[in-house]
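Each chain is listed here by its residues.
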Amino acid sequence: MARHPFPPAPASGGWHDGDPAAFRSFADIGPLRLENGEALPSVRIAYETWGRLDETKSNAVLVLHALTGDAHVLGPAAPGQDTPGWWEAIVGPGRAIDTDRYFVVAANALGGCQGSTGPSSPSPDGAPWGSRFPIVSTRDQVRAEARLADLLGVGAWSLVIGASLGGHRAIEWAVSRPDRVERLVVVASGAQTTAEQAAWAHTQIRAIELDPNWRGGDYHALPDGPTGGLALARQIAHTTYRSPAELDERFGRIPQNDEDPLRGGRLAVESYLDHHGEKLARRFDAGSYVALCRTMLSHDIGRDRGGQREALGRVRARALVVAVDSDRLFHPDQAWRMAEGIDGALFREIHSAHGHDGFLIECDQLTALLGEFLNERAPSRRPALAQA
């Protein structure tokens, strides 16, 4: 029996110039000097907003997406936007982050592929950046987001919230710009990338780079791109996003339909991973995936700041750090150590069988935690770390 074929996919998924804008707005933030000394001569950030900035400009909230997420936190799919809002159970009218109360902003991260400058974007010569796109760090991404905040008239965020890779940017915001973050929520994330997380990122990068259609990153103008490598990278990642117990309970040793593993067929869990790999290859760009994984590799809030504890000591925001108890990618003890280093931070755990993706699935629990945190009338500094 032949293995599952990979259906044709575009050389580069994501959003491209000329596609319908859907719900996106765009901000040209000018040239950007990067942490490694390189520079982008011009940067565009795609973003969406909900609600209105009040007269005192004190109700702004920044929502930061994960690795393959985007700025479309809330709203339906539409031409130019293939997926519905990814956090609609958390953000919206009457939700925990209430768009009737807050002015909510979400931006596609620098290096992404949903309208912000990234490897698939046109460079100054008109051709896609491709292999010429420089390595960007978490700090570079936050610097770009700070320029966007300036353009929107937001001096300080009432709340910055991010999960997973978005949590990297959230903690960087609070460390590098403590006067611009009043409240901070970091979910299923960490203050620096661990060796294990770096190992997972490395294998995903290599899966893409070893695809013969990668061509060093210069494939965007060609009919075939490294979609097989991108799909494999997603399969590796998705395995880390779920818990071993959940995978075993859902799939066990069950074959996929009438496929026989002894004759080259798949188990149901293989079919599950194939589906998620193929799904991502149609909506994402391999170059952006590599760029964002490299951002993860470099993430360390303590770099050139005297170490992690010294850096966390800079945070002035009232902070909530949330872990998922079954998360095997961002272990709860990593979140605990981050919370422990922030003066007065609260630490909470979401209980889930789903692993890292619990931050997307256990919305009732997260809603309750956010309600407790956002609506509590507390002093500006808390005396000690609290744990649920």
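About the thresholds
Counting starts from 1 at the beginning of each chain's written sequence and moves along it residue by residue. Selection of residues for local features in this predicted model requires a pLDDT of at least 70, selection of side-chain atom pairs for listing and counting requires 80 or more, and totals for whole chains, interfaces and linings are taken over all residues. For the side-chain quantities, the full set of heavy atoms in the structure was used; hydrogens and water were omitted. Put simply, DSSP marks the helices as runs of H or I at least four residues long and the strands as runs of E at least two long, and each gets a number from the N terminus on. For the radius of gyration, the atom set is restricted to C-alpha positions; the globular benchmark scales as 2.2 Å times the number of residues to the power 0.38. The contact criterion used is simple: two residues touch if any of their non-hydrogen atoms lie within 4.5 Å. Method for areas: the Shrake-Rupley scheme with a 1.4 Å probe, in which residue coverage is limited to the protein chains shown. For this count, His and the chain ends are skipped, Lys and Arg are scored as positive, and Asp and Glu as negative. Where a charge lies is defined by one atom per residue type, namely NZ (Lys), CZ (Arg), CG (Asp) and CD (Glu). The span you would expect from a helix comes to 1.5 Å times its residue count less one. Per-residue accessibility, obtained with a 1.4 Å probe over protein chains only, is compared with the maximum for each type, and a residue is labelled buried under 20%, exposed over 50%, and partly exposed between these values. Within this analysis, the arc is defined by the directions that extend from the helix axis to the C-beta atoms. UniProt positions are given in the numbering used here, feature names are shortened, and annotations may be inferred rather than shown by experiment. Think of a polar contact as two N or O atoms within 3.5 Å of one another; within protein, one of them needs to be a possible hydrogen donor and the other a possible acceptor, and neighboring residues in sequence only count if both atoms come from side chains. By convention here, the domain bounds are inherited from an automatic or database domain assignment. Note on definitions: buried area is the accessible-area loss of two parts on being combined, 1.4 Å probe, summed for both. The term salt bridge refers to a pairing of a side-chain nitrogen on Lys or Arg with a carboxyl oxygen on Asp or Glu at a separation within 4 Å. Only centres within 6.5 Å qualify two rings of Phe, Tyr or Trp (six-membered ring in Trp) as a pair; their planes then separate them into stacked at under 30 degrees, edge-to-face at over 60, and tilted for everything else. We count a charge as sitting over a ring when the NZ of a lysine or the CZ of an arginine lies within 6 Å of the ring centre and within 35 degrees of the ring normal. Side-chain atoms within 4.5 Å are what join buried Ala, Val, Leu, Ile, Met, Phe, Trp, Tyr and Cys residues into a set we call a nonpolar core. Angles shown run from 0 to 180 degrees and are taken between the N-to-C directions of axes, each axis being a line fitted to C-alpha atoms and, for helices, limited to the stretch in contact. To sort the angles, those under 35 degrees are grouped as roughly parallel, those over 145 as roughly antiparallel, those from 65 to 115 as roughly perpendicular, and the leftovers as oblique. Two helices crossing with the near one rotated counterclockwise from the far one by less than a right angle form a left-handed crossing, whereas a clockwise rotation gives a right-handed crossing. Just so you know the grouping, Ala, Val, Leu, Ile, Met, Phe, Trp, Tyr, Cys and Pro go in nonpolar, Asp, Glu, Lys and Arg go in charged, and all remaining residues, Gly too, go in polar.

**Observations regarding the overall build of the protein**
Counting secondary structure elements, the protein contains 11 helices and 11 strands. Over its C-alpha atoms the protein spans a radius of gyration of 21 Å, differing by no more than 12% from the 21 Å that the globule rule assigns to 388 residues. Dimensions of the protein, computed from C-alpha atoms along their principal axes, come out at roughly 65 × 50 × 40 Å. Here the contacts in the protein between residues at least 6 apart in sequence split such that 73% fall between residues at least 24 apart. Of the roughly 15800 Å² that the protein leaves accessible, carbon and sulfur atoms contribute 52%. Separation between the mean location of the 40 positive side-chain charges and that of the 49 negative ones in the protein comes to 4 Å.

**A few points about helix α3 (residues 195–209)**
Structural remark: α-helix, 3.6 residues per turn; residues separated by three or four positions point the same way. If you check α3, its first and last C-alpha atoms are 21 Å apart, about what 15 residues at 1.5 Å a residue would give, namely 21 Å. Along α3, the positions that sit buried rather than exposed are Q197, A201, Q204, I205, A207 and I208. Viewed end-on, α3 has its buried residues packed into an arc of 155°, placing them on one side of the element. Where α3 is buried, its residues touch α4 (227–241), α7 (286–298) and α9 (332–341).

**Quick look at the UniProt feature "domain: AB hydrolase-1" (unreviewed entry) in the protein**
Annotation from UniProt places "domain: AB hydrolase-1" (unreviewed entry) at residues 59–354. Across residues 59–354, helical content stands at 36% and strand content at 12%; the span's end C-alpha atoms are separated by 33 Å.

**Structural notes on the side chain of S121**
Inspection of the secondary structure assignment puts S121 in the loop between β6 (103–107) and α1 (138–152). Looking at S121, the relative accessible area reads 8%, which means it is buried. A distance of 2.9 Å separates the side chain of S121 from the backbone nitrogen of G118, its partner in a polar contact. Setting aside chain neighbours within four positions, we find S121 in contact with S116, A127, P128 and W129.

**Concerning the domain arrangement of the protein**
Taken as a whole, the protein is organised into domain 1 (25–193 + 301–375) and domain 2 (198–295). Taken over C-alpha atoms, the centre of domain 1 sits 25 Å from the centre of domain 2. Each partner contributes residues to the interface: domain 1 has 31 residues there, and domain 2 has 28 residues. Between domain 1 and domain 2, roughly 2400 Å² of surface is buried when both sides are summed, and carbon and sulfur atoms account for 58% of that area. Broken down residue by residue, the surface that domain 1 buries against domain 2 is led by L67, T68 and R328, which jointly contribute 27%. The tally of links between domain 1 and domain 2 comes to one salt bridge. Of the charged contacts in the structure, one is a salt bridge between R242 and D357, with a shortest N-O distance of 3.1 Å.

**Thoughts on the packing of aromatic side chains**
For any two aromatic rings, the description comes down to two numbers: the centre-to-centre distance and the angle of the planes. Here the structure, examined in full by the defined rule, presents eight aromatic pairs. Here the aromatic rings of W15 and F26 are separated by 5.3 Å at their centres, their planes lie at 35°, and the arrangement is tilted. With W15 in the segment before β1 (25–33) and F26 in strand β1, this pair connects stretches of sequence that are 11 residues apart. Measuring from ring centre to ring centre gives 5.8 Å for W214 and Y219, while their planes differ by 40°; the resulting arrangement is tilted. An identical accessibility class is assigned to W214 and Y219; each is buried. Geometry around W173 places R177 over its ring, the cationic atom sitting 5.9 Å from the centre.

**A look at the UniProt feature "binding site: substrate" (unreviewed entry) in the protein**
According to UniProt, the feature "binding site: substrate" (unreviewed entry) maps to R234 and D357 in the numbering used here. Spanning 124 residues, the annotated positions come together in the fold, the maximum distance between their C-alpha atoms being 13.8 Å. Accessibility expressed as a relative area gives 12% for R234, which makes it buried. Considering the arrangement of structural elements, one finds D357 in the loop between β10 (346–350) and α10 (358–361).

**Notes on the nonpolar core**
Core analysis: the biggest nonpolar cluster contains 50 residues, and W157, I171, W173, L184 and I342 have the highest contact counts within it. Contact partners of I171, with chain neighbours within four places excluded, come to L184, V186, G190, A191, H299, I301, L312, V315, M338 and I342.

**As for the packing of α3 against α7**
Running from N to C, α3 and α7 point in directions that differ by 155°, and their axes come no closer than 9 Å. In terms of orientation, α3 and α7 fall into the roughly antiparallel class. Along this stretch, α3 crosses α7, giving a crossing that reads as left-handed. Where α3 abuts α7, its residues Q197, A198, A201, Q204, I205, I208 and E209 lie against A286, Y289, V290, C293, R294, M296 and L297. Of the residues assigned to the contact of α3 with α7, the class counts are 10 nonpolar, two polar and two charged.

**Considering the environment of E172**
Turning to its location among the elements, E172 is positioned in helix α2 (residues 165–176). The spatial distance from the C-alpha of E172 to the C-alpha of M338 is 12 Å, given a sequence separation of 166 residues. Not counting the four nearest positions on each side in its chain, E172 is found in contact with T138, R139, V142, R177, I301 and R305.

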